[in-house]
Amino acid sequence: MPLARRPASRIRVIAHVDLDCFYVQVEQRRQPQLRGKPTAVIQYNSWKGGACIAVGYEARKCGVKRSMRGDAAKAVCPDLNLVQVPVLHEKADLSIYRDAGSEVVAVLSRVGKCERASIDEVYLDVTEAAKRLSSKDLSTLVSEEASTSHIVGLPQELGTKEWFCRPDASREDHLLACGAIIVADIRLAVLAETEFTCSAGVAHNKMLAKLSSGMHKPAQQTLVPSSAVESLLATLPISKIGKLGGKLGQELEGELGVKTVGDLLQFSEVKLQDMYGPNTGTWLWNTARGINGDEVQDRTLPKSHSSGKTFPGPRALKTLETVVYWLKELAETLQLRLDEDLSQNNRTAHLLTIHASCHIEGRATEAPKFSSKSRPLRYGVDKIVEDSRYLFERSLHEFCSHQSAGKEQSEITSSWAVTGLSLTASNIMAKPMGVNPITQYFGTRPPVTGDPGNASEQQQQCPSISKEVRLEEDRAGASVPTDGSIPESISPPPSRKPAKLTDLWQRKASLQPERKEETVAWEYKQEEIDHSVFAELPSEIQQELQGRLGVQRNKRGKPTTIADFFISKT
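Thresholds, definitions, all that
- Residues numbered from 1 in each chain as written.
- Predicted model: local features only at pLDDT ≥ 70, side-chain atom pairs only at ≥ 80, totals over all residues.
- Heavy atoms only, no water.
- Pairing = 2+ DSSP bridges.
- Helix = DSSP H or I, 4+ residues; strand = E, 2+ residues; numbered from the N terminus.
- Contact = heavy atoms within 4.5 Å.
- Axes fitted to C-alpha atoms, helices over the stretch in contact; angles between N-to-C directions.
- Phe/Tyr/Trp six-rings, centres within 6.5 Å; stacked < 30°, edge-to-face > 60°.
- Buried < 20%, exposed > 50% of the residue type's maximum accessible area, 1.4 Å probe, protein only.
- Lys NZ or Arg CZ within 6 Å of the ring centre and 35° of its normal.
- Parallel < 35°, antiparallel > 145°, perpendicular 65-115°, else oblique.
- Left-handed = near helix turned anticlockwise from the far one by under 90°.
- Nonpolar A, V, L, I, M, F, W, Y, C, P; charged D, E, K, R; others polar.

Draft legend 1. Representation of the sheet that holds strand 10 (residues 198-203). Taken in spatial order, the six strands of this open sheet run 7-8-1-10-11-9, and their pairing is mixed. Bordering the open sheet on either side are strand 7 (113-118) and strand 9 (150-151), each of which pairs with just one other strand. Running at roughly 160° to strand 7, helix 4 (residues 95-108) makes contact with strand 1 (14-19), strand 7 and strand 8 (121-125) of the sheet. Sitting on the sheet, helix 8 (residues 171-194) is in contact with strand 1, strand 10 and strand 11 (221-223), with an inclination near 165° to strand 10.

Written out as structure tokens, the structure reads:
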């Protein structure tokens, strides 16, 4: 449900930047011979020429639409150039578009706080830059690009440049004009540095900026002054507002007869709260008046990584074997993106979620939603496949149980079909820099005892030993991923096996001078161990310990001593 946030207490200038037919622009930059020609990008699917997922403006003039298949689009526009998205692991690979979007974000972030909303959409908060510009004479700063801006509610007798430079403008309008100048200039910078055109909406909050960015395209921008908000929303269909295009919008239309945003103005906040709850009611009341308190988050990197694929009609997955096959394909793609994020941004994800669309064949009634499930993410393709299969089987069991009324469970279980499958890695956080792994604290360090005469000898030997062990530990563990595997880029020394931490600890202990008194670490009786403690450790520590060292168990499957938690499997 939508979240009602407190309206901002200060004037803000927010832009929503939308790249024009972005996938087509990326392909035209890759293949310059396509510039100016009817072009469409099709999804990976050979059926009827593939689905058009992006249509260039030249192709739109010929009647080509995104809903068309490639063959139908060719029939409408014989000169149409169809470009298929790259394919990886038998599914579309959007990396080139994602990387191109990052180029744009890098340029936009020079003028304000950036929030990357999708591959081709960015929110930009230019409030501070607009304030700095507000003390200057705007008549000398309004560029040709800025002077072509569209201003909602602009009086006919007033030109665009005159509106920008009005001496009697309110503080709100003056800052909006400053922001529009900044956005126009940065859009030109994007074009010069990346060859991509973009459109923008400039307003005092995210909702209005998003609404206005698509009003005049391509390569144009639209401003929404506060005085024009009511007229803009009065006739706007509620489906144009984010979060009102689905179930909530249908309820408003069915229960209250609301078809436009302006229709909501007749209902009090209390009435809306009574019908839809305190939070949603307040959000609806604010939305009807163009009020939105959502802040632009300073985020140029994605919040999550996903890999998914649809299986429409006869391509639906009907056996566990085919589901597992595609889980592996999706896991490989997801792991590539996780590795890329780790190497480029030093970030790791911590939560794995599986989503699926499933139905029972031959069942006329609407089936309950196939529930999504999550668990802590373990790095490594095999581990992702293992965990996602476990989650899928749990959801499938629940789904089939709900469907079994009036039918045999075996019949239901054998008639399910999956039409969509995706894996998502989320809860992404920066990996702490300069933090030692927890495993370094589990080595045995016998106490220095007794003989003062050996003190100097011990001081000479121990530093070199510690240094050697630390170097070996770093070599063995510095670039080791969470799944415990050793990357191929790190090769072991010639004629030597890769070092294990346990080997190093034994070697370290063997190099220590013999002592009469020895203490043995971790020697506890089994009944003294609370096995639930290990399970309650943070997931990062569990992964590090289990991934690098494993848990050695006895025949009954239980650790025998606490030391067994930190000994490699044999």
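This is not the end of the story, as more comes after the structure.
Draft legend 2. A look at unusual backbone geometry. Cis rather than trans, the peptide bond between K217 and P218 has omega equal to 0°. Relative to the helices and strands, P218 resides in the loop between helix 9 (206-213) and strand 11. Its identity is not glycine, yet A219 carries a phi of approximately 55°, on the positive side. With respect to the secondary-structure elements, A219 resides in the loop between helix 9 and strand 11. A positive phi angle, close to 55°, is found at N427, a residue other than glycine.

Draft legend 3. Up close: the sheet that holds strand 15 (residues 373-376). Taken in spatial order, the four strands make up an open sheet running 12-16-14-15, and their pairing is antiparallel. Every other strand in the sheet has two partners, leaving strand 12 (305-310) and strand 15 as the edge strands with one partner each. Ignoring strand direction, the axes of neighbouring strands in this sheet form an average angle of 15°. Bridge analysis of strand 14 (residues 351-360) against strand 15 gives four bridges, and the strand direction is antiparallel. Bridging from a neighbouring strand, T353 pairs with S374 of strand 15. Along the sheet, helix 14 (residues 320-345) contacts strand 12, strand 14 and strand 16 (416-426); its crossing angle with strand 16, the most-contacted strand, is approximately 20°.

Draft legend 4. Region of interest: the packing of aromatic side chains. Here the structure, examined in full by the defined rule, presents eight aromatic pairs. With a centroid separation of 5.8 Å and 85° between ring planes, the pair formed by W163 and F164 is classed as edge-to-face. Comparing W163 with F164, the two get one shared label, buried. Aromatic rings pair up to connect F370, F392, F399 and W416 into one cluster. Positioned above the aromatic ring of Y57, the side-chain terminus of R60 is 4.6 Å from the ring centre.

Draft legend 5. Examining the packing of helix 12 (residues 269-276) against helix 13 (residues 278-288) more closely. Relative orientation of the contacting elements helix 12 and helix 13 amounts to 140°, with a least axis distance of 7 Å. In terms of axis orientation, helix 12 runs oblique to helix 13. The crossing of helix 12 and helix 13 is right-handed. Facing E269, L272, Q273 and Y276 of helix 12, the residues of helix 13 in contact are P278, T280, G281, T282, L284 and W285. Its residues assigned to classes, the contact of helix 12 with helix 13 shows five nonpolar, four polar and one charged.

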